[in-house]
Amino acid sequence: MCGIWALFGSDECLSIQCTCAMKIAHRGPDAFRFENVNGFTNCCFGFHRLAIVDQLYGMQPLRVKKFPYLWLCYNGEIYNHILLKERFEFDYQTKVDGEILLHLYDRFGIEKMATLLDGVFAFILLDTANRKVFLGRDTYGVRPMFKLLTSDGFLAVCSEAKGLTQITHSMSEPAKIIPFPPGHFEAFDLKQSGKVESIQLDRFHSCTDEPQHAAYNTAVKLDKGFAPETVRKNIRILFENAVRKRLMAHRRIGCLLSGGLDSSLVAATLVKLAKEEQLQYPIQTFAIGAEDSPDVAAARKASGVAEHIGSEHHEVNFTPEEGIKALEEVIVHLESYDITTVRASVGMYLISKYISEKTDSVVIFSGEGSDELTQGYIYFHKAPSPKAAAEDSVRLLKELYLFDALRADRTTAAYGLELRVPFLDHRFSAYYLSLPEEMRVPKDGVEKYLLRDAFRGLNLIPDQILWRRKEAFSDGMTSTKKSWYSILQEHIESEINDSQLEKAAKLYSYNPPATKEGFYFRQVFEKHYPGRCEWIPHYWMPRWIKATDPSARTLAIYKPDKDE
């Protein structure tokens, strides 16, 4: 996890503009650099480093002797960089995974370069020899990037929008700050003035397509066909491979463990592979919740997953008072007012704080993306057809960068942690989406049946966890008797009155809040990011069911496990 920032064609003094880059300093607590671009005095890069790979040469912008005209600033991890280096016989100068981008670009150009990257990334690549600037972002937008482009060609780029909101420029009309679209690259002509002109914006990968880099990975071989045992075996092979490749780190690895299916599969596989790779430390796992929360009970060392897999387990006690106190900080980090995103972020923000302050784990595995990929949300039981369910799964994956991926990135980055999400591995997710629609729907009243069935009988995780019903992260932090969302709503009832809510549609005509909770979140958001409401196109809500609230516990079809 790092923070990247760059300006091209600034009209304002760079020393003044550079103060904006300090707003993302939390993303890279280990080192910091500003660098002007030779020959373009109004262009510069800013970089906040979290040192994960190559402690000596990992500072950015990354430049190597072979390509003195290339400047690279990127946030991410390229898991196949060694494989590609050997396959194309590139002569490396550093041990930095990102160096592969420079060699691939020089050999193949920007589009093929992007298609060959197996990893998560957001990059800014400058080619002063050909006067080009390139931006790119991974398939699911796991790594964030925002851009500001004025009509006269001033371009500003940052990992988080907050690093752009105070940027000044000479245009009279305000410039929009927009999230860079996942799975795309954009090419700009760079003028001598430092200003740019966009000449190409194209998608290089979609989640439903097998990634082109798969052709170069001959170590992972899959059986053909859709026979049930073949599919189950392939799921296991690809999932384990997704976890294994993400072990690439020189810092300690840990894992979030809510006690649900997704985080338990990730944690169990991670512990298994860490032993095989002979990591010199035990894997730490982390759960957060109130004393009577089902998540903590499931993950508890005494009876749950942590004991089963043999991790060094940490339980973080959650109190409603602590959660309410953190709300404003959380919304500022998120840059979002989406209701379910804010609710779920509070717990993840507080557990990240604990990990950062109390442990030495820095690289944190998590189960994000599984619900979208494997149709894990409870509302999928109400899908009118397998085709409709499959289409909605893809919709959710394409919107991850607005909701769950955004939450997971901002809450961990707030405390200088690096998130790794194996369920969003390109090959694993593309294979899962290629399976027949009928195979992927809930079965026998159980969501994610295919994923659960793939790990049946292996004793990787306890059976009661393998078949535990879906519990949203923010819901699972508290008991079913009193959910986090109802605690929040009770608190906000005293903060927002009826007359304020009645004026909500007039005050906030775009995405008007329908509840006091939504009004409160929006009010805090507008205080820090006035006029930026379009960063969220719509609220996250369940489909195919009459829902007035995004919490699974409010749905008529919600059934808690008997012991919860």
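Here the structure is shown first, and the text comes after it.
Here the structure is a predicted model, which is why all the values come from computation and not from measurement.

Q: An account of the packing of aromatic side chains is needed here, citing residue identities and associated values.
A: For any pair of aromatic rings, the description consists of the separation of the ring centres together with the inter-plane angle of the planes. Considering all chains together, one arrives at 34 aromatic pairs under this definition. Here Tyr349 and Tyr415 contribute two aromatic rings whose centre-to-centre distance is 5.1 Å and whose plane-to-plane angle is 55°, an arrangement assigned as tilted. You can see Tyr349 sitting in helix H10 (residues 339-358) and its partner Tyr415 sitting in the loop between helix H13 (404-413) and strand S17 (418-420), a full 66 residues away along the chain. The class for Tyr349 is buried, based on a relative accessible area of 4%. Centroid distance Phe428 to Tyr432: 6.1 Å. Interplanar angle 45°. Geometry classified as tilted. You can see Phe428 and its partner Tyr432 sitting in helix H14 (residues 426-434), four residues apart, about one turn around the helix.

Q: Pulling in residues and values, what's your account of the packing of helix H9 (residues 320-334) against H10?
A: The geometry of H9 relative to H10 is characterised by a closest axis approach of 9 Å and an angle of 105° between their N-to-C directions. As far as their axial angle goes, H10 and H9 are roughly perpendicular. Between H9 and H10, the residues in contact are Glu322, Gly323, Ala326, Leu327, Glu329, Val330, Ile331, His333 and Leu334 and Thr341, Val342, Ser345, Val346, Tyr349 and Leu350, respectively. Broken down by class, the residue content of the contact of H9 with H10 amounts to nine nonpolar, four polar and two charged.

Q: Pulling in residues and values, what's your account of the nonpolar core?
A: Ranked by internal contacts, the top residues of the largest apolar core, which has 116 residues, are Trp5, Leu164, Ile235, Leu265, Phe365, Phe455 and Phe521. No other element matches helix H6 (residues 261-276), which puts nine residues into this core.

Definitions and limits used
Residues numbered from 1 in each chain as written. Predicted model: local features only at pLDDT ≥ 70, side-chain atom pairs only at ≥ 80, totals over all residues. Heavy atoms only, no water. Phe/Tyr/Trp six-rings, centres within 6.5 Å; stacked < 30°, edge-to-face > 60°. Helix = DSSP H or I, 4+ residues; strand = E, 2+ residues; numbered from the N terminus. Buried < 20%, exposed > 50% of the residue type's maximum accessible area, 1.4 Å probe, protein only. Axes fitted to C-alpha atoms, helices over the stretch in contact; angles between N-to-C directions. Parallel < 35°, antiparallel > 145°, perpendicular 65-115°, else oblique. Contact = heavy atoms within 4.5 Å. Nonpolar A, V, L, I, M, F, W, Y, C, P; charged D, E, K, R; others polar. Core = buried A, V, L, I, M, F, W, Y, C linked by side-chain atoms within 4.5 Å.

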